[in-house]
Amino acid sequence: MIAKEVQNGLQNSSWIRKMFVEGNALKAIYGEENVYDYSIGNPYFEPPQSVIDNLKKLVNSGIAGTHRYMDNAGFKSTREKVAASVNKGTEVPLSYENIMMTVGAAGGLNVLLRTILDPGQEVIILAPYFAEYFFYIRNNNGVPVTVKCTEGTFEPDLKVLEAHITEKTRAILLNSPNNPTGVIYSEALLKDMAAMLESCEKRFGTEICVIADEPYKALLYDGAVVPNVLNIFKNAVIVNSYSKSLGLAGERIGYIAVNSRMDEPKLLMDGLAFCNRTLGFVNAPALWQKAVEDSVDATVEISEYAKRRDLLYNHLVSLGFEVNKPQGAFYLFPKALIEDDIAFVEAAKKHNLLFVPGTGFGYPGYVRLSYCVDIKMIERSLPAFTKLAEEFKK
Ligand code: PLP
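Criteria and cut-off values
Residues numbered from 1 in each chain as written. Predicted model: local features only at pLDDT ≥ 70, side-chain atom pairs only at ≥ 80, totals over all residues. Heavy atoms only, no water. Helix = DSSP H or I, 4+ residues; strand = E, 2+ residues; numbered from the N terminus. Contact = heavy atoms within 4.5 Å. 1 Å grid on protein atoms, 1.4 Å probe; cavity = no way out; pocket = protein on both sides within 12 Å on 5 of 7 lines; lining within 4 Å. Points joined across faces, edges and corners; volume = space filled by probe spheres on them. Nonpolar A, V, L, I, M, F, W, Y, C, P; charged D, E, K, R; others polar. Near = heavy atom within 4 Å. Polar contact = N/O pair within 3.5 Å; in protein donor to acceptor, adjacent residues only side chain to side chain. Areas by Shrake-Rupley, 256 points an atom, 1.4 Å probe, with all protein chains shown as cover. Domains from an automatic or database assignment. Buried area = accessible area lost by both parts, 1.4 Å probe. Salt bridge = Lys/Arg side-chain N within 4 Å of Asp/Glu carboxyl O.

Visitor: Could you give an account of the environment of Asn72, with specific residues and numbers?
Guide: Within the fold, Asn72 resides in the loop between helix 3 (49–61) and helix 4 (76–86). Between the alpha carbons of Asn72 and Ala284 there is a distance of 8.0 Å; along the sequence they are 212 residues apart. With sequence-adjacent residues up to four places away left out, Asn72 is seen in contact with Met100, Met101, Ala273, Asn276, Arg277, Val282 and Asn283.

If you want it as C-alpha cells, here you go:
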C-alpha cells in the first residue's frame, strides 16, 4: 500500500537512524554507561529559562485567541522580533513582511522548495551534506545535483560548482556552519560565489535562489562569525530554526527570511504563505511562536559545547586522526583510519563507539561524531578511541 519511492526511502534513507537503533541494541547488552553513542545530533541542553518562563506565562495568561488560526506567515509580533534579530549586520533591513514562521528548518526548507521549484528543476547541494536534503528536494519535484567540496577545507571549489550549473539550476543550498564538518564558509568565498552565480544567471537567463540553511548559526566557537548572506547574495533566502540555538528541536519552530533586495520579494512571501498552508503546515505552532518571541537572540550554553569539542578534538588529534577543528555546530568529521568508512564504523562498534559513516553524508572515507552528549560519556569513551586507533596502527 505504499509508493515505491517511499519504499526505497525506507530502505536507503538514514544511516543516523540505523546507528541509533544499533546503539540501543548495544546498550541493552552492555549497559547504558558502557556504550559511547556519537550518532545522533539531538540538542543536549535544556532551553534557556527565559523561554520556559515565557511559555508558563502564556499557558496561564487566558488571553482569548492564543490558540487560534492566524495569518499563514505567523504572528506579526513574532515576525517583527525575528526581523530585528536577522537585521543585525544587514545592509538592507528586513521588516516583518520578509519573515515567515515555520515548522522548524525542515518545514521551512520544504515550503521554500515547493514555492520555487517547477518539476525537473535542479537544486545543487554540497557534499558533505545533511542527507534529508535529497528527500526535501524530491518531495517538491526537484532534482538534487551533488557537488563535492574540497577535501581538507570542506569548502566548494567554485570552478567545479560552476561546471554543475545549467539552465535547469533553480537553487543552491548552503549549510554553514555545516553539518557534518562544523566549517563556516568564508566571506571571500561567498562573494566570489555570488559573482559566479550572477554571471551564470546572465548566461542562462535564469534566477538562482541561494538557500542558506542556518540552524547552527548561533552555535559558534572562538569568536567565529557567519558571513551575512543577505548582504552577499541578492537572491538569498535564509532558513533557520530554534531547534539548536534554544534546544527546542522537538517543538518545531523556525522561520524563513526573504532578502528585501530581490526582485518581487512580496510575490515570494505570498507563495511561501500559500505553500505553508497547502502543504498542510498551515502555520507554525502558535504557542511556540510567542514563547520564543523574547528569546530570539538567546542561546543554550555554548561554552559547554566548546568544552566537549575541545576534549574530543584534542584526543583525536593526539591519536593521529586527521580532523578539522569545528568553528560551529556540534559535530566532528575526522578521516576514517582506513579507506572504507563503513568498515571503520563497524570496527568502532566493537569498542562500543557509535559514529555515522561519511557515506551517509555523500562523503565516504570520513565519519561524523556528534558531541552534543553528556561530557562524562566523552570522558569515559576516550580509552575506547585509543584502543580503536591502536588497532589500525598495527
Ligand atoms: N538542516 C540541517 C543542516 C540540520 O542538521 C537539521 C537538523 O539536524 C535541519 C536542517 C532540520 O532542523 P529542524 O529541527 O529545525 O527542522
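Visitor: Give me the lowdown on empty space enclosed by the protein, citing residues and values where you can.
Guide: All told, the structure shown has 2 cavities of 30 Å³ or more when counted by the stated rule. Each pocket or cavity is described by its volume, and for the largest cavity that value is around 70 Å³. In terms of lining residues, the largest cavity is bounded by Leu174, Asn175, Ser176, Tyr185, Leu190, Ala212, Asp213, Glu214, Val226, Pro227 and Val229. Quantified by volume, the second largest cavity comes out at close to 40 Å³. Looking at the second largest cavity, the residues that line it are Leu126, Pro128, Tyr129, Tyr133, Leu173, Leu174, Asn175, Asn178 and Tyr185. Along the lines of polarity and charge, the residues of the lining of the second largest cavity split into 7 nonpolar, 2 polar and no charged.

Visitor: Pulling in residues and values, what's your account of the site of the ligand?
Guide: The environment of the ligand is made up of 14 residues, and the closest members are Asp213, Tyr216, Ser241, Ser243 and Arg252. Within the backbone of Ala105, an N or O atom sits 2.8 Å from an oxygen atom of the ligand. At a separation of 2.9 Å, an oxygen atom of the ligand approaches a polar side-chain atom of Asn179. Computed on the free molecule, the ligand has an accessible area of 400 Å², of which 92% lies beneath the protein chains in the complex. It is helix 5 (residues 104–116) that contributes the most residues to the shell around the ligand, 3 residues altogether. The class makeup of the residues in the shell around the ligand is 6 nonpolar, 5 polar and 3 charged.

Visitor: Help me get a handle on the domain arrangement of the protein chain, residues and values and all.
Guide: You can read the domains of the protein chain as domain 1 (4–47 + 300–393) and domain 2 (49–295). Computed over C-alpha atoms, the centres of domain 1 and domain 2 are 27 Å apart. Across the contact, 30 residues belong to domain 1 and 38 residues belong to domain 2. Where domain 1 abuts domain 2, roughly 2,700 Å² becomes buried across the two surfaces, and 59% of that area is made up of carbon and sulfur atoms. Taken together, the connections running from domain 1 to domain 2 amount to 2 salt bridges.

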